[in-house]
Amino acid sequence: MLGKRKRVVLTIKDKLDIIKKLEEGISFKKLSVVYGIGESTVRDIKKNKERIINYANSSDPTSGVSKRKSMKSSTYEELDRVMIEWFNQQKTEGIPVSGTICAKQAKFFFDALGMEGDFNASSGWLTRFKQRHGIPKAAGKGTKLKGDETAASEFCGNFQEFVERENLQPEQIYGADQTGLFWKCLPSRTLVLETERSTSGSRSSRERIIIMCCANATGLHKLNLCVVGKAKKPRAFKGADLSNLPVTYFSQKSAWIEHSVFRQWFEKYFVPQVQKHLKSKGLLEKAVLLLDFPPAHPNEELLSSDDGRIIVKYLPANVTSLIQPMSQGVLATVKRYYRAGLLQKYVDEGIDPKMFWKNLTVLDAIYEVSRAWNMVKSSTITKAWKKLFPGNEENSGMNIDEGAILAANLATVLQNTEDCEHVDLENIDQWFDSRSNDSKCPVLTDGEGAEDRAKPAEHKPSSKTRKTELNPEKHISHKAALEWTENLLDYLEQQDDMLLSDKLVLRRLRTVIRRKQKTQNNKSH
């Protein structure tokens, strides 16, 4: 009679190795013998492949996964996802993170996300959080998390040798990186009525999107912005065709772009657009995409064009803040332009701040952030590559702080705008600063916006009223004009042959009509 098989508990790394070997064609039986487990266990690992990979992707790459054996999730999964993203951003920026700071930030996010329950950011919670994500103990003692300068320097040398060996031009070298954006983020002073300040922290996670910027080292080829939200088709999209948006839109539940979403973007959008661009330049359709260290992305061998000429290379761990091109001011510039655009839109419409922020939808935000990405100058992107290509930025023009100019101009305008008199240059600068990670920006709740959007629907004019107002002999009200403009915008979003410029013109017209309506309402009171 055979003895009872000893129970084996596999680590996450063991499971990842098994998944890789299964993809290489090794049989269930052989793997069960090698690892001392039953065939059913191997089959279960294959069945849970995506869950295992996603869990590994959310863990610190420098430790934890090799030893951790369970994938027990947090009681507050949404809070857990936001916290690990926040922690990784602090680490990237080299900002000190202590256990006390982690606990305070967790409590802030718990309240900001409007979560229910009796959450206590205790030392026990902190320990479990660090264990779940493989965060070393030293990371919670306030030590500044600096970038690895030695690894960065070594990578720069190796990458330059690779570029020379492959005979690649700057036009063939691309970089991509992602960041979170709370698209209803407000400056911390005014723009929110005093009575709302106590509730403005109840931020909905639906008011956060992920944006990913991708461009080549010349800054002359910027791919459409990649935007990832939680909803497959947000309510604000209505009948809009996603393919007609000025961005590439995906949906997922995670706080960071998932393995499957990134691979889809790479294969369906990045490769074809790069091939088309290089062909137009008369260059060999050969390129490299520089990415952050995994686990946020698939393995290098899984990301390449069918002919193998377009590939990816990963940066080492802990060097993002030092040499990742998109983290050298590009993402921060996009956020500044986005936020500046929101404030300018608010000033142009001339309506009260509460109404403006309630009317703002994720579709408005997508158009605004697309415009912000388009405004980033090629010289800004070229300068971001200077550590990888010294001398490449020589002819990129003067080093002008675009953010400082934007902040100064907007502060002047807002100080002369009703309800915004207390907004000063320091406040705008802090709001523009992407290192704040949007954590100090009051946001109107999604519920308030939904309630406000529902009100106009209750008073839509009947078909008889519309026919009367369409008569050229009759006066057309601002309300009717605004309704027609909204309908026409919805129509354009459903068409697949409409130019982005046409949509932007209509959106500008809608702003003008809203301002006129506000002026008329003020005169009538």
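Provided above is the structure to which this section pertains.
Please read these numbers as outputs of a predicted model, since none were measured by experiment. (Residues numbered from 1 in each chain as written. Predicted model: local features only at pLDDT ≥ 70, side-chain atom pairs only at ≥ 80, totals over all residues. Heavy atoms only, no water.)

Here we come to the overall build of the chain. Helix and strand counts for the chain stand at 20 helices and six strands. Surface exposure of the chain reaches about 26,600 Å², of which carbon and sulfur atoms provide 50%. (Helix = DSSP H or I, 4+ residues; strand = E, 2+ residues; numbered from the N terminus. Areas by Shrake-Rupley, 256 points an atom, 1.4 Å probe, with all protein chains shown as cover.)

For the rest of this paragraph, the subject is helix 8 (residues 149-166). For an α-helix, the turn length of 3.6 residues means that residues three or four places apart are oriented alike. Here helix 8 spans 26 Å end to end across 18 residues, near enough to the 26 Å set by a 1.5 Å rise per residue. Every buried residue belonging to helix 8 is among Ala-151, Ala-152, Phe-155, Cys-156, Phe-159, Phe-162 and Val-163, and all of these are buried. Buried residues along helix 8 cover an arc of 135° about the axis, so they all sit on one side. Of the residues in helix 8, the exposed ones pointing more than 90 degrees away from the buried face are Thr-150, Ser-153, Glu-154, Glu-161, Glu-164 and Arg-165. (Expected span 1.5 Å × (residues − 1). Buried < 20%, exposed > 50% of the residue type's maximum accessible area, 1.4 Å probe, protein only. Arc of directions from axis to C-beta.)

Attention shifts here to the pattern of salt bridges. Applying the stated rule across the entire model yields eleven salt bridges. As a salt-bridge pair, Arg-263 and Glu-267 come within 3.2 Å of each other at their nearest N and O atoms. Here Arg-263 and its partner Glu-267 are both found in helix 9 (residues 259-280), four residues apart, which amounts to about one turn of the helix. Measuring nitrogen to oxygen at the nearest pair gives 3.4 Å for the salt bridge that ties Arg-514 to Glu-486. Highlighted residues: Arg-514 in helix 20 (residues 500-524) and Glu-486 in helix 19 (residues 478-494), separated in sequence by 28 residues. On the accessibility criterion, Arg-514 (10% relative accessible area) is buried. Salt bridges sharing common partners tie together Asp-364, Glu-486, Glu-493, Arg-507, Arg-510 and Arg-514. (Salt bridge = Lys/Arg side-chain N within 4 Å of Asp/Glu carboxyl O.)

A few words on the nonpolar core. If you look at the biggest cluster of nonpolar residues, it comprises 56 residues, and the most contacted ones within it are Phe-159 and Trp-373. Among the elements that take part in this core, helix 13 (residues 362-375) stands out by supplying eight residues, more than any other. Residues in contact with Phe-159, not counting those within four places in the same chain, are Ile-173, Val-288, Leu-290, Lys-313, Leu-388 and Phe-389. Formed by 25 residues, the second largest nonpolar core is a distinct cluster that contains Ala-176, Ile-210, Leu-223 and Val-274. (Core = buried A, V, L, I, M, F, W, Y, C linked by side-chain atoms within 4.5 Å. Contact = heavy atoms within 4.5 Å.)

With respect to burial, strand 2 (residues 208-216) is a largely interior element, nine of its nine residues being buried. Along strand 2, one buried face is formed by Arg-208, Ile-210, Met-212, Cys-214 and Asn-216 and the opposite face, lined by Ile-209, Ile-211, Cys-213 and Ala-215, is buried too. Sheet topology places strand 1 (residues 173-182) next to strand 2; nine bridges connect them, and they run antiparallel. Opposite Thr-179, over in strand 2, you have Ile-211 as the bridge partner. Judged from the three bridges that link them, strand 2 and strand 3 (residues 226-229) form a sheet pairing that is antiparallel. Along strand 3, the bridge assignment pairs Ile-210 with Val-228. (Pairing = 2+ DSSP bridges.)

What follows deals with the packing of helix 1 (residues 12-23) against helix 3 (residues 39-47). Put simply, helix 1 and helix 3 touch, their axes get as near as 10 Å, and they point 85° apart. As the angle between them shows, helix 1 and helix 3 are arranged roughly perpendicular. Residues Lys-15, Ile-18, Ile-19 and Leu-22 of helix 1 form the contact with helix 3, whose own contacting residues are Val-42, Ile-45 and Lys-46. Residues of the contact of helix 1 with helix 3, tallied by class, amount to five nonpolar, no polar and two charged. (Axes fitted to C-alpha atoms, helices over the stretch in contact; angles between N-to-C directions. Parallel < 35°, antiparallel > 145°, perpendicular 65-115°, else oblique. Nonpolar A, V, L, I, M, F, W, Y, C, P; charged D, E, K, R; others polar.)

Bringing the packing of aromatic side chains into the picture now. The tally for this structure, following the rule as stated, stands at eleven aromatic pairs. Relative to Phe-159, the ring of Phe-155 has its centre 5.7 Å away and its plane inclined at 15°; by these criteria the two rings are stacked. Separated by four residues within a single helix, Phe-155 and Phe-159 lie in helix 8, roughly one turn from each other. Accessibility expressed as a relative area gives 12% for Phe-155, which makes it buried. We classify Phe-159 as buried; its relative accessible area is 1%. With centroids separated by 5.4 Å and ring planes inclined at 45°, the aromatic side chains of Phe-262 and Trp-265 adopt a geometry described as tilted. Separated by three residues within a single helix, Phe-262 and Trp-265 lie in helix 9, roughly one turn from each other. Of the residues examined, Phe-262 reaches a relative accessible area of 0% and is grouped as buried. An aromatic cluster is defined as three or more aromatic residues linked by ring pairs; in this entry it consists of Tyr-174, Phe-262, Trp-265, Phe-266 and Phe-270. The lysine or arginine in question, Lys-313, covers the ring of Phe-162, its NZ or CZ lying 4.6 Å from the ring centre. (Phe/Tyr/Trp six-rings, centres within 6.5 Å; stacked < 30°, edge-to-face > 60°. Lys NZ or Arg CZ within 6 Å of the ring centre and 35° of its normal.)

Right, let's talk about unusual backbone geometry for a bit. Even without being a glycine, Asn-167 presents a positive backbone phi close to 55°. Within the secondary structure, Asn-167 is located in the loop between helix 8 and strand 1. Judged by relative accessible area, Asn-167 falls into the exposed class, the value being 57%.

For the rest of this paragraph, the subject is the environment of Ala-121. Secondary-structure assignment places Ala-121 in the loop between helix 6 (99-112) and helix 7 (123-132). Each C-alpha atom, one on Ala-121 and one on Ala-106, is 6.7 Å from the other, the two residues being 15 residues apart in sequence. Aside from chain neighbours lying at most four places away, what touches Ala-121 is Ala-103 and Ala-106.

Okay, the sheet that holds strand 4 (residues 248-251) next. The six strands are arranged 4-3-2-1-5-6 in an open sheet whose pairing can be described as mixed. With one partner strand each, in any of the chains shown, strand 4 and strand 6 (310-314) form the two edges of the open sheet. Pairs of neighbouring strands in the sheet enclose a mean axial angle of 25°, with direction left out of account. In this structure, strand 1 lies alongside strand 5 (residues 287-291), joined through three bridges in parallel fashion. Looking across to strand 5, one finds that Gly-175 is bridged to Leu-290. Contacts from helix 11 (residues 330-349) reach strand 1 and strand 2, with the element oriented near 45° to strand 1.

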